[in-house]
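Spelled out, the chains give:
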Amino acid sequence: MTKTAVYPGSFDPMTNGHLDIIKRAANNFDKVYVAILTNSSKTPKFSLEQRIDWLKRATADMPNVEIASFSGMLVNFANEVGANVIIKGLRAVSDFEYEFQMALTNRQLSPNVETMFLMTNGKYSYLSSSIVKEVAKYGGKLDGLVPDFMIEEIYREF
Ligand code: PNS
């Protein structure tokens, strides 16, 4: 059986923490869909095209990773692409409550889709897309927070 996983998120923008989870998922699944939610209640800072482009460039050396976008329910997307696993990254206990609620809701909606959590790499436990935007807004250094090729392109948006 082909093991296919979906790693969903806003990726607004993608960070090195996301990339670490994508690499580790790609090492453990035959196929990984990185799925960007398009109808989030949050208004994204970066366009969908921009977010897709960054994810594609960052994962160009991972042949089993595909970048996709979806709207509506995550479990519907997972079923459409034949994925039976949702990958989520956990950074801290503060992530847990919301993720637990979403995992149980998704199981209720589609019991065939299992949520699996990967603990973040310790060096990225503080990192989030919001932190990247906050640092960029004040012209701070983004080195180590996102892939180098993204840095100038992020600054350009501020
Ligand atoms: O990067 P984010 O913004 O934390 O990602 C949140 C995301 C996209 C994983 C979450 O909002 C989601 O799965 N949305 C899809 C809607 C859905 O399926 N909701 C039911 C589960 S509560």
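Nothing here was measured: the structure is a model prediction, and the numbers come from that model. (Residues numbered from 1 in each chain as written. Predicted model: local features only at pLDDT ≥ 70, side-chain atom pairs only at ≥ 80, totals over all residues. Heavy atoms only, no water.)

> I'd like a rundown of the sheet that holds strand S1 (residues 4-9), residues and numbers included.
Reading across the sheet, the 5 strands line up as S3-S2-S1-S4-S5 and stay open at both edges, with parallel pairing between neighbours. Each edge of the sheet is formed by a strand with only one pairing partner; in this case those strands are strand S3 (65-70) and strand S5 (114-119). Within the sheet, the average angular offset between the axes of one strand and its neighbour, ignoring direction, is 30°. Pairing of strand S2 (residues 31-37) with S3 involves 6 bridges; the strand directions are parallel. Bridging across to S3, Val34 finds its partner in Ile67. Lying on the sheet, helix H2 (residues 48-58) is in contact with S2 and S3; it crosses S2 at an angle near 155°. (Pairing = 2+ DSSP bridges. Helix = DSSP H or I, 4+ residues; strand = E, 2+ residues; numbered from the N terminus. Axes fitted to C-alpha atoms, helices over the stretch in contact; angles between N-to-C directions. Contact = heavy atoms within 4.5 Å.)

> Outline the nonpolar core, supporting the account with residue identities and numerical values.
Counting 32 residues, the largest nonpolar core has Tyr7, Val34, Leu55, Val65, Ile87, Leu142 and Ile154 as the members making the most contacts within it. Those elements that provide at least two residues to this core are S1, helix H1 (16-28), S2, H2, S3, strand S4 (85-90), helix H5 (129-137) and helix H6 (148-156). Element by element, the count of residues in this core is highest for H1, at 5 residues. Among residues more than four places away in sequence, those in contact with Leu142 are Val132, Val135, Ala136, Ile151, Ile154 and Tyr155. If you look at the next biggest cluster of nonpolar residues, it comprises 12 residues, including Ala68, Phe77, Ala83 and Ile86. (Core = buried A, V, L, I, M, F, W, Y, C linked by side-chain atoms within 4.5 Å. Buried < 20%, exposed > 50% of the residue type's maximum accessible area, 1.4 Å probe, protein only.)

> Explain the pattern of salt bridges to me, using residue names and the numbers behind them.
The final tally for this structure, using the stated rule, is 8 salt bridges. A salt bridge links Glu66 to Lys31; the shortest N-O distance between them is 2.7 Å. In this pair, Glu66 is assigned in strand S3 and Lys31 in strand S2, connecting sequence segments 35 residues apart. Note on Glu66: relative accessible area 34%, which makes it partly exposed. In this structure, Glu153 and Arg57 form a salt bridge, with 3.0 Å as the shortest nitrogen-oxygen distance. With Glu153 in helix H6 and Arg57 in helix H2, the pair connects residues that are 96 residues apart, well separated along the chain. The buried category is assigned to Glu153, whose relative accessible area is 16%. In this structure, a network of salt bridges that share partners links the residues Asp53, Arg57 and Glu153. (Salt bridge = Lys/Arg side-chain N within 4 Å of Asp/Glu carboxyl O.)

> Outline the site of the ligand, supporting the account with residue identities and numerical values.
What surrounds the ligand is the set Pro8, Gly9, Ser10, Leu37, Lys42, Phe70, Gly72, Met73, Leu74, Lys88, Met102 and Asn106. Ser10 is positioned with one of its side-chain polar atoms (N or O) 2.5 Å from an oxygen atom of the ligand. At a separation of 2.7 Å, an oxygen atom of the ligand approaches a polar side-chain atom of Lys42. Starting from 560 Å² of accessible surface for the ligand in isolation, the protein chains cover 75%. A molecule is said to occupy a pocket when more than half its atoms come within 2 Å of that pocket's grid points, and by this definition the ligand occupies the largest pocket. Counting residues per element, the ones that place at least two in the shell around the ligand are S1 and helix H4 (93-109). Residue composition of the shell around the ligand, grouped by class: 6 nonpolar, 4 polar and 2 charged. (Near = heavy atom within 4 Å. Polar contact = N/O pair within 3.5 Å; in protein donor to acceptor, adjacent residues only side chain to side chain. Areas by Shrake-Rupley, 256 points an atom, 1.4 Å probe, with all protein chains shown as cover. 1 Å grid on protein atoms, 1.4 Å probe; cavity = no way out; pocket = protein on both sides within 12 Å on 5 of 7 lines; lining within 4 Å. Sits in = over half its atoms within 2 Å of the grid points. Nonpolar A, V, L, I, M, F, W, Y, C, P; charged D, E, K, R; others polar.)

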